Amino acid sequence: MIHVENLAKSFTLHTQGSAVIPVIAGAGFTVAPGECVALTGESGAGKSTVLRILYGNYLAQGGSVRIGGVDITRAEPREILRLRRETLGYVSQFLRVVPRVPTLEVVAEPLLALGRPEAEALDRARELLARLRIPERLWSLSPTTFSGGEQQRVNIARGFAHAYPALLLDEPTASLDAVNRETVLELIEEAKAGGAAIVGIFHDLAARARVADREVDVSAFTPGAA
Ligand SMILES: Nc1ncnc2c1ncn2[C@@H]1O[C@H](COP(=O)(O)OP(=O)(O)OP(=O)(O)O)[C@@H](O)[C@H]1O
């Protein structure tokens, strides 16, 4: 489902004499449907960079990333947006809040964007908000004023609303309490059971051990590494 081949990424620091910093060279791995691969490696090794390239946020200098038949490194922005709507989900710790949109709609929105019936989308949103213990009295309010932990859980609910065939997770359990962490791990396990191919960064080692089938150490792709 996710095929990364010979990926290369360097950053050019335009404000610092156009210095070029090579970060990733020759990165390659594959993730099958139903499989979860954890990116590992020390801080600065390039885990977030790889995840951002996979989501189409960073342009790679070489190689390919095929997800659901689309090569992200060469796709038009329009194709990337379609892929993100239908095929490729991304869950981070941070909610990008749209002002004035009620929480229930924020969570239902990925399903509504796919043309799913409104009743079905709202039912799924209610189910996820309840599972993630967002009090019902908050569902009609915008999450703008919610606590950090509440916003994080709204974001997770939104990220799992649609059963994406490919899913990127950036520390999904970071700073959650034990009960909500458990719910998120269950959501990840359910996504895997439903056939999602998952790539994640997990600093939570117990979470990683539980959900990841394999680890890919990105320091092996550090330019100049032995
Ligand atoms: N936008 C950017 N511009 C310049 N350099 C960058 C940029 N993003 C990342 N880097 C550099 O790329 C390297 C890899 O960073 P990255 O954030 O991918 O590491 P990481 O493995 O995710 O680290 P951590 O575990 O600390 O989050 C670092 O040396 C970083 O300074």
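Presented here is a report on the structure given in the accompanying data block. Only a predicted model underlies this, so the values are computations on that prediction, with no experimental measurement involved.

1. As for the overall build of the protein chain
Move 1: Along the backbone of the protein chain there are seven helices and nine strands.
Move 2: Taking 17 Å as the expected radius of gyration for a compact globule of 226 residues, we find that the protein chain reaches 18 Å, a close match to that expectation.
Move 3: Principal axes of the C-alpha set define a box for the protein chain whose edges measure 55 × 40 × 35 Å.
Move 4: The buried share of the protein chain, taken over its 226 residues, is 39%.

2. Regarding the site of the ligand
Move 1: In the region of the ligand, the neighbouring residues are F11, I21, V23, G41, S43, G44, A45, G46, K47, S48 and T49.
Move 2: Every element with two or more residues in the shell around the ligand is listed here: β2 (19-31) and α1 (47-54).
Move 3: At three residues, the largest contribution of residues to the shell around the ligand is made by α1.
Move 4: Split into classes, the residues belonging to the shell around the ligand amount to four nonpolar, six polar and one charged.

3. Thoughts on the packing of helix α3 (residues 103-113) against helix α5 (residues 148-161)
Between two packed helices, both the angle of their axes relative to each other and the distance between the axes serve to describe the pair.
Move 1: Remark: α3 packs on α5, axes separated minimally by 7 Å, with the N-to-C direction vectors making an angle of 25°. With respect to α5, the element α3 is oriented roughly parallel. In this structure, α3 crosses over α5, and the sense of that crossing is right-handed. Along the contact surface, α3 presents T103, V106, V107, A108, E109, P110 and L111, while α5 presents V154, A157, R158 and A161.
Move 2: Within the contact of α3 with α5, the residues separate by chemical class into eight nonpolar, one polar and two charged.

4. Things to note about the sheet that holds strand β3 (residues 36-40)
Move 1: The strand order across the open sheet formed by five strands is β6-β7-β8-β3-β9, and the pairing between neighbours is parallel. Where the open sheet ends on each side, the last strands, each with one partner, are β6 (88-91) and β9 (214-217). When the angles between neighbouring strand axes are averaged without regard to direction, this sheet yields 20°.
Move 2: Of the strands in this sheet, β3, β7 (166-170) and β8 (197-201) are in contact with α1, which crosses β8 at around 145°.
Move 3: Along the sheet, helix α6 (residues 178-193) makes contact with β3, β7 and β8, crossing β8 at roughly 150°.

5. Examining α5
Move 1: Taking 1.5 Å of rise per residue, the 14 residues of α5 would be expected to cover 20 Å, and the 20 Å separating its terminal C-alpha atoms lies within 8% of that figure.
Move 2: With eleven of 14 residues buried, α5 lies mostly within the body of the structure.
Move 3: Turning to α5, its buried residues number three or more, namely Q151, Q152, R153, V154, N155, I156, A157, R158, G159, F160 and A161.
Move 4: Where α5 is buried, its residues touch β6, α3, α4 (118-131) and α6.

6. Brief notes about the nonpolar core
Move 1: Membership of the largest hydrophobic core comes to 65 residues, with the highest contact counts inside it found for L54, V107, A125, A157, A166, I198 and V199.
Move 2: L54 has contacts with V65, I72, L168 and V199, leaving out every residue within four places of it along the chain.

7. Here's the deal with the sheet that holds strand β4 (residues 62-67)
Move 1: A sheet is described by the order of its strands in space; here four strands give the open sequence β2-β1-β4-β5, paired in antiparallel fashion. In this open sheet, the two strands that pair with only one neighbour each are β2 and β5 (70-71).
Move 2: Sheet analysis places β4 next to β5, joined by two bridges and oriented antiparallel. Residue pairing for β5: R66 is matched across the bridge by D71.
Move 3: Its contacts with the sheet put α1 on β1 (2-13), β2 and β4, and the angle it makes with β2 is roughly 70°.

8. Here's the deal with the environment of T30
Move 1: Along the chain, T30 falls in strand β2.
Move 2: Judged by the 15 C-beta atoms lying within 10 Å of it, T30 is partly exposed.
Move 3: T30 sits 168 residues away from I198 along the chain, and the two C-alpha atoms are 10 Å apart.
Move 4: If sequence neighbours within four positions are ignored, T30 has contacts with I2 and H3.

9. A short note on unusual backbone geometry
Move 1: Unusually for a residue other than glycine, R100 sits at a positive phi of about 70°.
Move 2: Locating R100 in the fold gives a position in the loop between β6 and α3.
Move 3: Overall, R100 belongs to the exposed group, with 9 C-beta atoms counted inside 10 Å.
Move 4: Of note, the phi angle at S175 is positive, near 60°, even though the residue is not glycine.
Move 5: Mapped onto the elements, S175 comes out in the loop between β7 and α6.

Calculation rules
- Residues numbered from 1 in each chain as written.
- Predicted model: local features only at pLDDT ≥ 70, side-chain atom pairs only at ≥ 80, totals over all residues.
- Helix = DSSP H or I, 4+ residues; strand = E, 2+ residues; numbered from the N terminus.
- Rg over C-alpha atoms; globule rule 2.2 N^0.38 Å.
- Buried ≥ 20, exposed ≤ 12 C-beta atoms within 10 Å, placed from the backbone.
- Near = placed C-beta within 6 Å.
- Nonpolar A, V, L, I, M, F, W, Y, C, P; charged D, E, K, R; others polar.
- Axes fitted to C-alpha atoms, helices over the stretch in contact; angles between N-to-C directions.
- Parallel < 35°, antiparallel > 145°, perpendicular 65-115°, else oblique.
- Left-handed = near helix turned anticlockwise from the far one by under 90°.
- Contact = placed C-beta atoms within 7 Å.
- Pairing = 2+ DSSP bridges.
- Expected span 1.5 Å × (residues − 1).
- Core = buried A, V, L, I, M, F, W, Y, C linked by C-beta atoms within 7 Å.

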